[in-house]
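Letter by letter, the chains look like this.
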Amino acid sequence: KGDPRLQAISEAIRVVPHFPKQGIMFQDITTLLLDHKAFKDTVDIFVDRYRDMDISVVAGVEARGFMFGPSIALAIGAKFVPLRKPRKLPGKVISEEYELEYGTDCLEMHVGAVQPGERALVIDDLVATGGTLSAAIKLLERVEAEVVECACVIGLPEVKGQCRLNGKPLYILVEPR
Ligand code: PRP
């Protein structure tokens, strides 16, 4: 924090009121991806933080974790592992359910993608309740990987002041405007 790049990153994220439903202030990171400088600064901040942490796996959460994770993985010399919504991955998977406002959803990971003892970073665009990231942490821990940290571009006030999830550190770049 105090990094002058963060304000421009925050301002590059479009806020769309009442999307996808009434009362939700949608944080649209597609406009951040359109701004080359802000997009590169976002990836660079994560890369500078994680490059010397001996991370071998970047696990990205569908869908918007896929937009940041691979760039970070390539730059820090790690592999990229997609954590996907149900029935998208063709191989043998393990699954973790998590609570939504109404009902549940699920994330899946390919068996064999991550080996025991690997050091993992989990990346997503946004954390709200933390349910999604908690499921991601559980998937990695079930295969005996070590989750070094979870990282998001935006943290909603629900997790404000919370710097850990399931006992794992949580790193957030900006809060909603
Ligand atoms: C959004 C966001 C995170 C999750 C955060 O994804 O991209 O993955 O919600 O919410 P939480 O902290 O309360 O779990 P969404 O469920 O909209 O899925 P999508 O990216 O596949 O559209």
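Residues numbered from 1 in each chain as written. Predicted model: local features only at pLDDT ≥ 70, side-chain atom pairs only at ≥ 80, totals over all residues. Heavy atoms only, no water.

Student: I'd like to hear about the sheet that holds strand β3 (residues 57-61), residue by residue, with values.
Tutor: On the basis of which strands lie adjacent, the open sheet formed by 6 strands has the order β4-β3-β7-β8-β10-β9 and mixed pairing. Pairing within the sheet leaves two strands with one partner each, and these edge strands are β4 (79-83) and β9 (164-165). Inspection of the sheet shows β3 paired to β4 by 5 bridges, in the parallel sense. Paired with Ala59 across the strands is Val81, a residue of β4. The strands touched by helix α4 (residues 69-76) within the sheet are β3, β4 and β7 (119-127), with β4 carrying the most contacts at an inclination of about 155°. Together, β3, β4, β7, β8 (146-155), β9 and β10 (168-174) form the strand contacts of helix α5 (residues 131-142), whose direction differs from that of β7 by roughly 165°. (Pairing = 2+ DSSP bridges. Helix = DSSP H or I, 4+ residues; strand = E, 2+ residues; numbered from the N terminus. Contact = heavy atoms within 4.5 Å. Axes fitted to C-alpha atoms, helices over the stretch in contact; angles between N-to-C directions.)

Student: Go over α4, please, and point to the residues and values.
Tutor: All buried positions along α4 are accounted for by Gly69, Ile72, Ala73 and Ile76. One face of α4 carries all of its buried residues, which in axial projection span an arc of 100°. For α4, the elements touching its buried residues are α3 (36-50), β3, β4 and β7. Looking one or two places after α4, you find Gly77, whose phi comes out positive at around 75°. (Buried < 20%, exposed > 50% of the residue type's maximum accessible area, 1.4 Å probe, protein only. Arc of directions from axis to C-beta.)

Student: Please set out helix α1 (residues 5-12) residue by residue, giving values where relevant.
Tutor: Residues of α1 that are buried: Leu6, Ile9, Ser10 and Ala12. Looking down the long axis of α1, one finds its buried residues gathered within 165° of arc, a one-sided arrangement. Along its buried surface, α1 packs onto β1 (14-17), α2 (30-34), α3, β8 and β10.

Student: Give me unusual backbone geometry: which residues, what numbers.
Tutor: Following Phe19, the chain continues to Pro20 via a peptide bond in cis, the omega torsion being -5°. Considering the arrangement of structural elements, one finds Pro20 in the loop between β1 and β2 (25-28). Here Glu62 and Ala63 are connected by a cis peptide whose omega angle stands at -5°. Within the fold, Ala63 resides in the loop between β3 and α4. Phi is positive for Arg87, which is not a glycine, with a value near 65°. As for its position among the elements, Arg87 is in the loop between β4 and β5 (93-99). A positive phi angle is found at Glu144, which is not glycine, with a value near 65°. For Glu144, the location among the structural elements is in the loop between α5 and β8.

Student: Quick rundown of the pattern of salt bridges? Include the residues and the values.
Tutor: Counted under the stated rule, the structure contains 12 salt bridges. Of the charged contacts, one joins Arg142 and Glu96 as a salt bridge, the two residues approaching to 2.9 Å between their closest N and O atoms. Residue Arg142 is found in helix α5, and its partner Glu96 is found in strand β5; the two are separated by 46 residues along the sequence. Relative accessible area serves as the criterion here: at 44%, Arg142 is assigned to the partly exposed category. (Salt bridge = Lys/Arg side-chain N within 4 Å of Asp/Glu carboxyl O.)

Student: Break down the packing of α1 against α3 for me, citing the residues and quoting the values.
Tutor: In contact at an axis separation of 9 Å, α1 and α3 are set at 130° when each is read in the N-to-C sense. In this view, α1 runs oblique relative to α3, as classed from their interaxial angle. The element α1 and its partner α3 pack so that their crossing is left-handed. Listed contacts from α3 to Arg5, Leu6, Ala8, Ile9 and Ala12 of α1 are Ala38, Asp41, Thr42, Asp44, Ile45 and Asp48. Residue composition of the contact of α1 with α3, grouped by class: 6 nonpolar, 1 polar and 4 charged. (Parallel < 35°, antiparallel > 145°, perpendicular 65-115°, else oblique. Left-handed = near helix turned anticlockwise from the far one by under 90°. Nonpolar A, V, L, I, M, F, W, Y, C, P; charged D, E, K, R; others polar.)

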